[in-house]
Amino acid sequence: MELLGKMVKEIFTYSDIILYWDIQDKKSKDEQYYVYFNGKLINKSHKTHVTIRNIIDKSADVEIYTDDARKVLFYKKSFTMKEKPHFIDVTAEPYSAIGDGKTINTIAIQRAIDDCKENEAVFIPKGVYLTGALFLHSDMELYIDDDAILQGTENPNDYLPKIWTRYEGIERECYSSMLNIGNINNRNEISCKNILIHGGGKILGGGRQLAENVVSVEKERLKDYIDSLAREEISSINEKVIAGRSRPRLINVSCAENIVMDNVEFGNGACWNIHMIYSKNVTTCNCSIYSLNVWNGDGWNPDSSTDCTLFNCDFCTGDDCVAIKSGKNPEGNTIAKPCSNIRVFDCRSENGHGISIGSEISGGISDVYIWDCIINKSQIGCNIKATKKRGGYIKNIHISNCCFASLNIGLVPYNDDGISAPSAPYFSEIYFENITFRGEVLAYSKQEINKTTAINITGFDDEHKISNVQFKNILLDNGHSSESQIFGLQSVENLSIINLNAR
């Protein structure tokens, strides 16, 4: 019997198996998958992933069919489960970390990380463990147990030394992140690989208070520079923005490969939460990410990275839930590292701007696949964006089987500093199929819902139009009223619409 799911990807540990596959492997959006584990039906779903946890047996047989009669085999494999790694308990000697929510444990936990070898795992047991910046290394696990919280402090000094990283498309010096994986000292080489972060617990940053504390310190340090900008009468000067550019991420993944984050609650980074720079094969699944009261509180940001995958995650963020980026002019045009082969599926939002592609696109963005996402509770929904000065491109974007608050493609007026690229960006080959656009968005206060343009596409000018956009099986429907829906177009060419409905 021929297997239909030839490209199923596998992640497995000593106790869990995670399988996922592309939307292209589905015959239809409603196709069901019947999952059998050791001969017993354990799951039936239309979703393109399955997670099997707490496996006790050494051997595990997994079969997936697309019919309940078990005649059409999609996937089959016998697994020999890995040996349980040796757990390095951070509370044991010689580390002696204390999970009382008061003791600073940075030195103790870092020592356990440094001691962790291949086939070992740093184990964070029940408790709240305060820490500053931690630095992971290749071939290790970090296991955050249920009811365990790795909690970042609110003191900027706990995130020193500063590291070279990238923020808002520009390489710059920033405070070390709470978790640091790899470095960008040589952006053309992998500096770290093979790390698993999992366990069911929480990794939380210092949040807005840490952000405010960093801004306070950096305003004083940069006082002469900020004053010089004011003397030059630059109208866009904003002390908080400038001072805040060095805030630490929650997790910074730089020039790294084969990184998995599974079954963890992430939150309250001082700005972006999970940021991948010049990296490849980073997978985040079965997680939640929140940062509701943090400005620039993005959730998951692949930046000039490839083969990154996000699925079965929930977002409640203070900015973009997902933001796909590739650098900012002019530096991003010169580095020219694209972001490509990005997959986002079965994700949901409770707050945040939604899923964004851009606005930092100077290195180019291509081959993005988004499906089975419910992003109607958001301030925007789906936002494919850049300024005219940015340069670069966005192409080959495929979005299907989703619900969004609204859609914006094209020109945005913000984040427009920097020397202009030689030519305007181009957006092309953007495809939507089986999508509902609500035509209403959450207010930034999250206390009311506002009507908006359901679909808005605005090119850069008549010489730089958005081109080759296709809509198929589209519904404009807010679900509760009969108000007219709005579809706005400007500087667009080769737009095709197949089966558009409005309620």
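Before any of the text, the structure's been laid out above.
Starting afresh in each chain, residues are numbered from 1 along the sequence in its written order. The model is predicted, so local features are restricted to residues of pLDDT at least 70 and side-chain atom pairs to those at 80 or more, both for listing and for counting; the totals for chains, interfaces and linings are taken over all residues. With hydrogens and water set aside, each side-chain value is computed from the structure's full complement of heavy atoms.

**Overview of the pattern of salt bridges**
Formally: Within this document, salt bridges are pairs made up of a side-chain nitrogen of Lys or Arg and a carboxyl oxygen of Asp or Glu, the two lying within 4 Å of each other. Labels follow the DSSP assignment, with helices taken as runs of H or I lasting at least four residues and strands as runs of E lasting at least two, numbered in each case from the N terminus. Burial classes follow relative accessibility: with a 1.4 Å probe on protein chains only, a residue under 20% of its type's maximum area counts as buried, one over 50% as exposed, and anything between as partly exposed.
Considering all chains together, one arrives at 25 salt bridges under this definition. Of the charged contacts, one joins lysine 29 and aspartate 30 as a salt bridge, the two residues approaching to 3.5 Å between their closest N and O atoms. Between glutamate 212 and arginine 208 there is a salt bridge, with its nearest N and O atoms 3.4 Å apart. Taken together, the positions of glutamate 212 and arginine 208, both in helix H2 (residues 207-221) and four residues apart, correspond to about one turn of that helix. Assessed through its relative accessible area of 29%, arginine 208 is described here as partly exposed. Here the residues in one salt-bridge network are Lys47, Asp314, Asp346 and Arg348, joined through shared partners.

**Focus on the sheet that holds strand E4 (residues 40-45)**
Here is the rule we go by: Any two strands with at least two DSSP bridges between them are considered paired. The axes used here are C-alpha line fits, helices contributing only the stretch in contact, and every angle between their N-to-C directions lies in the interval 0 to 180 degrees.
Pairing is antiparallel across the open sheet formed by four strands, whose spatial order is E4-E3-E6-E7. With one partner strand each, in any of the chains shown, E4 and strand E7 (73-80) form the two edges of the open sheet. The mean angle between the axes of side-by-side strands here comes to 15°, regardless of whether they run parallel or antiparallel.

**As for the nonpolar core**
Put simply, the rule reads: By nonpolar core is meant a set of buried Ala, Val, Leu, Ile, Met, Phe, Trp, Tyr and Cys residues that side-chain atoms within 4.5 Å join together. By the convention used here, residues are in contact when the closest approach between their heavy atoms is within 4.5 Å.
In this structure, Leu150, Trp300, Phe432 and Phe437 are the most contacted members of the largest nonpolar core, which totals 93 residues. Beyond its immediate chain neighbours, meaning those up to four positions away, phenylalanine 437 contacts Phe404, Ala405, Ser406, Leu407, Phe432, Ala454, Ile455, Phe471, Ile474, Leu475, Leu476 and Asp477. The next biggest cluster of nonpolar side chains, apart from the first, holds 17 residues, and it includes Val8, Ile17, Val35 and Val62.

**Describing the environment of cysteine 287**
Tracing the sequence through the fold places cysteine 287 in the loop between strand E24 (280-285) and strand E25 (288-291). When the C-alpha atoms of cysteine 287 and glycine 200 are compared, they prove to be 8.7 Å apart, with 87 residues separating the residues in sequence. Apart from residues lying up to four places away in sequence, cysteine 287 is in contact with Met261, Asp262, Asn263, Val264, Phe266, Asn312, Cys313 and Asp314.

**Comments concerning the pairing of E4**
As paired elements, strand E3 (residues 33-37) and E4 share five bridges and run antiparallel to each other. Residue tyrosine 33 lies in a different strand from E4, and its bridge partner there is serine 45. Taking the residues that link successive antiparallel strands as the turn, the E3-E4 hairpin has two residues, and the phi of asparagine 38 there is positive, at about 50°.

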